[in-house]
Amino acid sequence: DNHRIPEWLAYHYYALPLRHVVIAIDPASHQNPPQIPSRWHQLMNITIWQDKDYVPMNVVLTRQPKDPPDQKREKYTQRQGFLHYECSKYFKSLNKTWTTYHDIDEYLTISEDFF
């Protein structure tokens, strides 16, 4: 899903307006995210996190091909919980008053009735 990053940033920059984002790299991904165009670095603060940035050191969440489906899902859910917790702390330390969490294939929509 890395190819979606530029479009996702552009959409949320204008829809929210998004000005600070943390992108967490899935350790099971076979590719790194593409270089994020410099225009987005000029317009917003973009932080890239690896597992080591938000998963406690004593926790191993590496998914193995032979893991049963329930165990794969549990590891995914745990990783997501750690990410949300650390992101909340991170943004609070920056005095941000709200945050939202999305996967790259999820888009926040704004009702036209709001305007």
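Relevant structure appears above.
Analysis parameters
- Residues numbered from 1 in each chain as written.
- Predicted model: local features only at pLDDT ≥ 70, side-chain atom pairs only at ≥ 80, totals over all residues.
- Heavy atoms only, no water.
- Helix = DSSP H or I, 4+ residues; strand = E, 2+ residues; numbered from the N terminus.
- Buried < 20%, exposed > 50% of the residue type's maximum accessible area, 1.4 Å probe, protein only.
- Areas by Shrake-Rupley, 256 points an atom, 1.4 Å probe, with all protein chains shown as cover.
- Lys, Arg positive; Asp, Glu negative; His and termini not counted.
- Charge placed at Lys NZ, Arg CZ, Asp CG, Glu CD.
- Salt bridge = Lys/Arg side-chain N within 4 Å of Asp/Glu carboxyl O.
- Contact = heavy atoms within 4.5 Å.
- Pairing = 2+ DSSP bridges.

Trainee: A description of the overall build of the protein chain should follow, citing residues and the corresponding values.
Mentor: The number of helices and strands found in the protein chain is three helices and two strands. Put simply, the protein chain runs from its N terminus to its C terminus through helices and strands in the order α-β-α-β-α. The burial tally for the protein chain puts 23% of its 115 residues in the buried class. Taken as a whole, the protein chain presents about 8500 Å² of accessible surface, with 51% of it coming from carbon and sulfur. Counting 13 positive and 14 negative side-chain charges, the protein chain places the centres of these two groups 6 Å from one another.

Trainee: Describe in detail the pattern of salt bridges, supporting the description with residues and values.
Mentor: Under the definition given, this model contains four salt bridges. The shortest N-O distance in the salt bridge between D67 and K75 comes to 2.8 Å. Its relative accessible area of 12% is what places D67 among the buried residues. Overall, the relative accessible area of 11% leaves K75 in the buried class.

Trainee: I'd love a proper account of the environment of M44, names of residues and values included.
Mentor: If you trace the backbone, M44 turns up in the loop between helix 2 (38–43) and strand 2 (45–49). Here the alpha-carbon distance between M44 and L9, two residues 35 residues apart in the chain, equals 9.4 Å. Those residues in contact with M44 that lie beyond four places of it in its chain are L9, Y13, L18, R19, H20 and V21.

Trainee: Could you give an account of the pairing of strand 1 (residues 20–24), with specific residues and numbers?
Mentor: Among the five residues of strand 1, four are classified as buried, and the element is accordingly described as predominantly covered. Where strand 1 lies against strand 2, five bridges are found, and the strand directions are parallel. Each bridged residue has a counterpart across the sheet, and for V21 the counterpart in strand 2 is I46.

Geometry only, nothing functional implied.
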